[in-house]
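Fold and contact review
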Amino acid sequence: LNDFLSMNKLEEGRVEIHIEHFDIVPLWHDVMDEMYSILKADQKLINTLNTEMGWVGCDKKIIKNIIINLVSNAIKYTDA
């Protein structure tokens, strides 16, 4: 439901974007730690990240939501 509401806000131009510069590597690891809790039996979360990516300039909250959505869909729709 929250994803649907977020999409509606985005489509209606009601999302406030807060651009900031941050290191994406810790954000990636935080999200991956959260995703381990929703893995199905016999599933593994194998991920690689170029740790030299470093700093990005974007809305941290939106990027986190995008990563969560992609990984949770991968978990949901993939067998062990």
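Computed from a prediction, not measured in an experiment: that's the story for all the values here.

**A look at helix α2 (residues 24-35)**
In this model, α2 (twelve residues) spans 16 Å end to end at C-alpha, consistent with the 16 Å of a helix rising 1.5 Å per residue. Looking at α2, one finds that the buried residues are Ile24, Val25, Leu27, Trp28, Val31, Met32 and Met35. Down the axis of α2, the sector holding all buried residues measures 160°, keeping them to one side. As for α2, its buried residues are in contact with β1 (19-23), β2 (55-59) and α3 (60-76). N-capping of α2 is provided by aspartate 23, with a side-chain oxygen placed 3.1 Å from the backbone N of valine 25.

**A short note on α3**
Helix length check: α3 (17 residues) gives 24 Å between terminal C-alpha atoms against 24 Å at 1.5 Å per residue, within 8%. Of all the residues in α3, the buried ones are Ile67, Val71, Ser72 and Ile75. Seen along its axis, α3 keeps its buried residues to an arc of 120°; they face one direction. Opposite the buried face of α3, by more than 90 degrees, sit the exposed residues Leu70 and Lys76. Where α3 is buried, its residues contact α2. The N-cap of α3, judged by a side-chain oxygen 3.0 Å from the amide nitrogen of lysine 61 a few residues on, is aspartate 59.

**Examining the pattern of salt bridges**
All chains considered together, the criterion is met by one salt bridge. Where glutamate 34 meets lysine 64, a salt bridge forms, and the shortest distance between an N and an O atom there is 3.3 Å. With a gap of 30 residues between them, glutamate 34 in helix α2 and lysine 64 in helix α3 connect regions that are remote in the sequence. The partly exposed category is assigned to glutamate 34, whose relative accessible area is 35%.

Definitions and cut-offs
- Residues numbered from 1 in each chain as written.
- Predicted model: local features only at pLDDT ≥ 70, side-chain atom pairs only at ≥ 80, totals over all residues.
- Heavy atoms only, no water.
- Helix = DSSP H or I, 4+ residues; strand = E, 2+ residues; numbered from the N terminus.
- Expected span 1.5 Å × (residues − 1).
- Buried < 20%, exposed > 50% of the residue type's maximum accessible area, 1.4 Å probe, protein only.
- Arc of directions from axis to C-beta.
- Contact = heavy atoms within 4.5 Å.
- Polar contact = N/O pair within 3.5 Å; in protein donor to acceptor, adjacent residues only side chain to side chain.
- Salt bridge = Lys/Arg side-chain N within 4 Å of Asp/Glu carboxyl O.

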